[in-house]
Amino acid sequence: MTNGALVLFSGGQDSTTCLAWALDRFERVETVGFDYGQRHRVELDCRKTIAASLRESYPNWAARLGDDHTIELAALGRISESALTRDSAIVMQENGLPSTFVPGRNIMFLTMAAALAYRRGLTHIVGGMCETDYSGYPDCRNETMRALEVALNLGMESKFILETPLMWIDKAATWQLAEKLGGEPLVSIIRDQTHTCYLGDRGQLHDWGYGCGTCPACELRSKGYALYRRDHD
Ligand code: ZN
């Protein structure tokens, strides 16, 4: 196997930062996106624009960035009752989880990614999971990742490494990481071209990017950006 990585790339801030992180480290990087019937396909549409911008602005990375894969997981959207896959309100549920939680999503994404990485001969699987200032999704926790890594390696007789470079950093530090990896141009690409908003709103460009500004994802993103700028200036 070569020194290669497969990045779970959704077109959001976190996964784009992870893609830059992987391009900085690995000789060969491929990307995978999942179409699971999410209410808003805008993130998926952003992926191509972002990859094209990275290629244009960073020739070193362009040489490393290989195939992009899309995996159809419509069954996940059909099974799930989440506010990300149904037209329902984003609320906190009785079990303490937001209604945007899609049960099994990251477990299924990483399992499919491992199957793809197996075929492509890629040893590292990179994801933007984070348990620092996250929405409380249990499948973003480090413990889940470590258990899944063991299960995948046992079940596929492999030595995959699940890399989660954002696990222990907050959103402000995620912006700092982007700046460290690609300077101000990368910060601009992430700010203007990535998508995080749960409502799929790309009507207005704020200083932290596009979005409705009030959903939990926008709140997290705008707060993180404000902190990053405050420490920066
Ligand atoms: Zn929003």
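Residues numbered from 1 in each chain as written. Predicted model: local features only at pLDDT ≥ 70, side-chain atom pairs only at ≥ 80, totals over all residues. Heavy atoms only, no water.

**Section: the nonpolar core**
Now for step 1: Counting residues in each nonpolar core, the largest one holds 69 residues, and the members touching the most others are Leu8, Leu54, Ile125 and Leu186.
Now for step 2: Beyond its immediate stretch of four places on either side in the chain, Leu54 contacts Leu19, Leu23, Trp61, Leu186 and Ile189. (Core = buried A, V, L, I, M, F, W, Y, C linked by side-chain atoms within 4.5 Å. Buried < 20%, exposed > 50% of the residue type's maximum accessible area, 1.4 Å probe, protein only. Contact = heavy atoms within 4.5 Å.)

**Quick notes on unusual backbone geometry**
Now for step 1: Phi is positive for Glu157, which is not a glycine, with a value near 50°.
Now for step 2: As for its position among the elements, Glu157 is in the loop between helix H6 (142–156) and strand E5 (161–163).
Now for step 3: Among the residues examined, Glu157 registers a relative accessible area of 75% and is labelled exposed. (Helix = DSSP H or I, 4+ residues; strand = E, 2+ residues; numbered from the N terminus.)

**Description of the layout of surface pockets**
Now for step 1: The computed volume of the largest pocket comes to approximately 1100 Å³.
Now for step 2: Lining the largest pocket are 42 residues; nearest its centre among them are Ser10, Glu43, Arg105, Tyr137 and Tyr198.
Now for step 3: Counting residues per element, the ones that place at least two in the lining of the largest pocket are helix H1 (13–25), strand E2 (28–35), helix H2 (42–57), helix H5 (105–120) and helix H8 (216–232).
Now for step 4: Considering each element in turn, the lining of the largest pocket owes the most residues, 6 residues, to H8.
Now for step 5: Here the residues of the lining of the largest pocket sort into 20 nonpolar, 13 polar and 9 charged. (1 Å grid on protein atoms, 1.4 Å probe; cavity = no way out; pocket = protein on both sides within 12 Å on 5 of 7 lines; lining within 4 Å. Points joined across faces, edges and corners; volume = space filled by probe spheres on them. Nonpolar A, V, L, I, M, F, W, Y, C, P; charged D, E, K, R; others polar.)

**Examining the environment of Tyr36**
Now for step 1: Within the secondary structure, Tyr36 is located in the loop between E2 and H2.
Now for step 2: Given the relative accessible area of 6%, Tyr36 is considered buried.
Now for step 3: A polar contact is formed between the side chain of Tyr36 and the side chain of Arg105, at a distance of 2.8 Å. (Polar contact = N/O pair within 3.5 Å; in protein donor to acceptor, adjacent residues only side chain to side chain.)

**Comments concerning the coordination of the zinc ion**
Now for step 1: Of the protein atoms, only Cys197 (SG), Cys212 (SG), Cys215 (SG) and Cys218 (SG) coordinate the zinc ion, at distances of 2.3 to 2.4 Å.
Now for step 2: Metal-centred angles of 106 to 117° between the 4 donor atoms at the zinc ion mark the site as tetrahedral.
Now for step 3: In primary sequence terms, the donor set of the zinc ion follows C-x14-C-x2-C-x2-C. (Donors = N, O, S within 2.8 Å, 3.2 Å for Na, K, Ca; no water. Tetrahedral: all angles 85-135°; square planar, octahedral: opposite > 155°, others 65-115°.)

**Some thoughts on the pattern of salt bridges**
Now for step 1: For the structure shown, the criterion picks out 10 salt bridges.
Now for step 2: Between Glu30 and Arg28 there is a salt bridge whose closest N-O contact spans 3.1 Å.
Now for step 3: Classification of Glu30 by relative accessible area gives buried; the value is 2%.
Now for step 4: Among the residues examined, Arg28 registers a relative accessible area of 27% and is labelled partly exposed. (Salt bridge = Lys/Arg side-chain N within 4 Å of Asp/Glu carboxyl O.)

**Concerning the packing of aromatic side chains**
Now for step 1: Applying the stated rule across the entire model yields 7 aromatic pairs.
Now for step 2: Here Trp175 and Tyr228 contribute two aromatic rings whose centre-to-centre distance is 6.2 Å and whose plane-to-plane angle is 20°, an arrangement assigned as stacked. Taken together, the residues span a long stretch of sequence, with Trp175 in helix H7 (residues 171–193) and Tyr228 in helix H8 at a distance of 53 residues. Just as Trp175 is buried, Tyr228 falls in that class too.
Now for step 3: An aromatic cluster is present here, built from Phe34, Tyr36 and Phe109 joined pairwise through their rings. (Phe/Tyr/Trp six-rings, centres within 6.5 Å; stacked < 30°, edge-to-face > 60°.)

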